[in-house]
Amino acid sequence: MLDRVLATRSLLPEHDLSFLADAPVIFHCHHFNLFLDQTIDDALGVEAGTALRTRAARDASYHLLSSLNRKLGLVTPAERLELAAALFAAMGHGRLEILTQATGGEGRGTWLHYGFAWHEKYGQAVRRRFPADAMAAGFMAAATEVAYGLPRESMQCTETACIAMRAPRCEFTFKPGKAEVPEIDVGTAQARAVVRPSFTGLYEDKIAAIAKGLRDFAGGVAGDERGLVQAFGVFVTLHLSTYYNRISYDAWNLVRERSPASLPVIEALLRESGHVCVFNTFGGILLSPEWEGMVGKIQGDPVEIVSGCTAIGRALGFGHWTLAELKPGERLVLRTPSTYESSYWVTREGPAQQGMCFFVQGAALAFMQLAERVPWTQRPKLTQEFYVELFRRGVPWSVKETKCIAKGDMACEVVVQKT
Amino acid sequence: MSDTRLALGSLVKDVGGIRALIITVMPDCLMFDAWKHEQEPFEPEEVASYFGDLIRANREGLRALSSQGEDMQVTIEAGGRLVVLRELPGDFVAGFVMQKDTPLGMVRIHVKRILERLATVLPSFKPEERPKGVRVLDYLRRYAPDPHAALLRVSLRTGLPMDVLNAPEALTEAQANVVASTVRDILGLEELHV
């Protein structure tokens, strides 16, 4: 069955955007996932934050599961729920038991990515007092809606026990509710309508070759017996970009309405989620035996690091990132005709007044930190302690999104400079 | 480390196995003075505040046990070191960092001897407590899992601008209370003892 699921994967090849059964997907690590969820809760409060995250997961998952069931021709609720649980594990999100009917029911989770990774990363330092697995909750709610042909956005789900709170497993309850008005899906056609004509940049041949090799490698990645993907020193998920975009932009919109003075603060934290992700995951890939086998042992040359990171971004489905300018020690200009963020923003929000690709901003900033501040020849371990020590006093570089497709430009362009 | 405010080097010169002596002043957990072996890589200023927090946490623990005493001593054995923390008169805490293989009996003798010497050189004053906002945000920086982003998180949660949080000594009492409540939530604590 999973082979048939994987056969529904597609790519906008000149734009490096990936889709699974029409739903946009990308690879992201636990550092990004946890920090972004935390930022949403910081912005809205835990209760409203959890509600938004659950709604976003249900929204994005419904698009994926309904498209997938149509493509695979699955009919019965049992086979649809079975597929959902298997897919969730294959994507690296953990193991689910979905025990629901059209009237509601229960769900259970073990090794759930969010709860487990939170416990691993923060559990010794902080006691968590609320559940972490809105993604699993929303996913199971959508799976139930799709399985029983219920109105979209109608199934309510609450996580009642969570491994991040030291429970032995995660538990969920479901009940039908009033259906919300669905948002327009951001699928292949919408992304195709938003992206700009593609172009190339510096070191293109090298970047394209590495990106292709990495994409082929990533295509075979699937959850282990726990339903987790543990690689390159991080927990990796194949995730739904609509989830990330909806929680980020709904929270951003709410902050703009309620507390506009805090807008720069949430933007800085959204950038930081990209920064922590790229620093750890891209850095982990560059230091990995797989990279050494495919590209060669990393030497620490800034051009090597930045071009390598650009290729990794493409392979993970973040867009057709190109290098427009690179002056080691001084300046980087990253330019792209496609980002998963702008596809969503233009489709659901319309024209923007400013650059909205906060992930790309944080990612580009991290490129230069990896290039300039990591002693590669010493083969450092990219631990939480290393990260905190390096950035405790801030980042001595600035970043600005000078162009954005969301505000009508022909590309998204991010400039990073030493301060 | 050469000369210090209390000339600690001369106090410890004949103490076998000692690697550092750090004097913390309470309740702000700031370093008052320190001596360390020249081969020790750590920064005493960073260690001093944790030693102060440890004493405070143990005081709270003993209070919960209804077992408060005047002569509390905390002993920690880990990572090739033996650490002894001892409260001193005048709101000071002495932190002795010893080699782990130093016999415990010898450590007790050394600690007792140095404490007697310290008692003759420590100043007697009532330290001025720093404003609550300063203490709370210092605590956050010490314990937040992502300290580089901690202040941004407080700003987003409270709505207080970053320039206000960057001058915590000027926070009003109401602002300081909101910040304290937020820090408690971020750290997942029932109570915040600062």
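Bear in mind the structure is a predicted one, so any value in this text is a computation, not a measurement. (Residues numbered from 1 in each chain as written. Chains lettered and ligands numbered in written order. Predicted model: local features only at pLDDT ≥ 70, side-chain atom pairs only at ≥ 80, totals over all residues. Heavy atoms only, no water.)

Below, the discussion takes up the packing of helix α5 (residues 147-158) of chain B against helix α7 (residues 173-187) of chain B. Residue and element names in this part refer to chain B. Across the interface, α5 lies against α7 with an axial gap of 10 Å and an inter-helix angle of 115 degrees. Of the two possible hands of crossing, α5 and α7 adopt the one that is right-handed. In this structure, α5 contributes R153, V154, R157 and T158 to the contact, and α7 contributes V178, V179, T182, V183, D185 and I186. (Axes fitted to C-alpha atoms, helices over the stretch in contact; angles between N-to-C directions. Helix = DSSP H or I, 4+ residues; strand = E, 2+ residues; numbered from the N terminus. Left-handed = near helix turned anticlockwise from the far one by under 90°. Contact = heavy atoms within 4.5 Å.)

Turning our attention to the interface of chain A and chain B. Chain A puts 22 residues into the contact, and the matching count from chain B is 18 residues. In this assembly, chain A packs against chain B so that about 1,700 Å² is buried in total across both faces, 58% of it on carbon and sulfur atoms. Here chain A is connected to chain B by three salt bridges. A salt bridge links D42 of chain A to R153 of chain B; its shortest N-O distance comes to 2.6 Å. In this structure, the connection of chain A to chain B is made through eight residue pairs in polar contact (both at pLDDT 80 or more). Of all the secondary-structure elements, those providing two or more residues to the side of chain A that touches chain B are α2 (30-44), α5 (113-122), α10 (263-286) and α15 (384-391) of chain A. Of the residues contributing to the side of chain A that touches chain B, the split by class is 12 nonpolar, four polar and six charged. (Buried area = accessible area lost by both parts, 1.4 Å probe. Salt bridge = Lys/Arg side-chain N within 4 Å of Asp/Glu carboxyl O. Polar contact = N/O pair within 3.5 Å; in protein donor to acceptor, adjacent residues only side chain to side chain. Nonpolar A, V, L, I, M, F, W, Y, C, P; charged D, E, K, R; others polar.)

Attention now goes to the sheet that holds strand β7 (residues 170-176) of chain A. All names here are of chain A. With antiparallel pairing, four strands are arranged side by side in an open sheet as β4-β5-β7-β6. Strand pairing shows two members of the sheet lacking a second neighbour, β4 (95-101) and β6 (155-161), which therefore form its edges. Averaged over all neighbouring strand pairs, the angle between strand axes comes to 20 degrees, with direction disregarded. As paired elements, β4 and strand β5 (residues 104-110) share seven bridges and run antiparallel to each other. (Pairing = 2+ DSSP bridges.)

Looking now at the domain arrangement of chain B. Many analyses report the size of an interface as the accessible area lost when the parts associate. Residues and elements named next belong to chain B. By the assigned domains, chain B splits into domain 1 (8-121) and domain 2 (132-187). The C-alpha-based centres of domain 1 and domain 2 are spaced at 29 Å. Domain 1 puts six residues into the contact, and the matching count from domain 2 is four residues. For the domain 1 and domain 2 pair, buried surface summed over both sides reaches about 440 Å², with 45% attributable to carbon and sulfur atoms. Considering only the surface of domain 1 that becomes buried against domain 2, D28, Y50 and D53 emerge as the three largest contributors, covering 75% of it. (Domains from an automatic or database assignment.)

Attention now goes to the domain arrangement of chain A. Residue and element names in this part refer to chain A. If you check the domain split of chain A, you get domain 1 (2-176) and domain 2 (189-225 + 261-418). On a C-alpha basis, the centroid separation for the pair domain 1 and domain 2 is 25 Å. Between domain 1 and domain 2, the residue contacts involve 26 residues of the former and 38 residues of the latter. A buried area of about 2,600 Å², summed over both sides, lies between domain 1 and domain 2, and 63% of it is on carbon and sulfur atoms. It is H15, D16 and F27 that lose the most area in domain 1 upon contact with domain 2, and together they represent 24% of the buried surface on that side. Applying the counting criterion to the domain 1 and domain 2 interface returns two salt bridges. The partner of R348 in a salt bridge is D59, with the nearest N and O atoms 2.8 Å apart.

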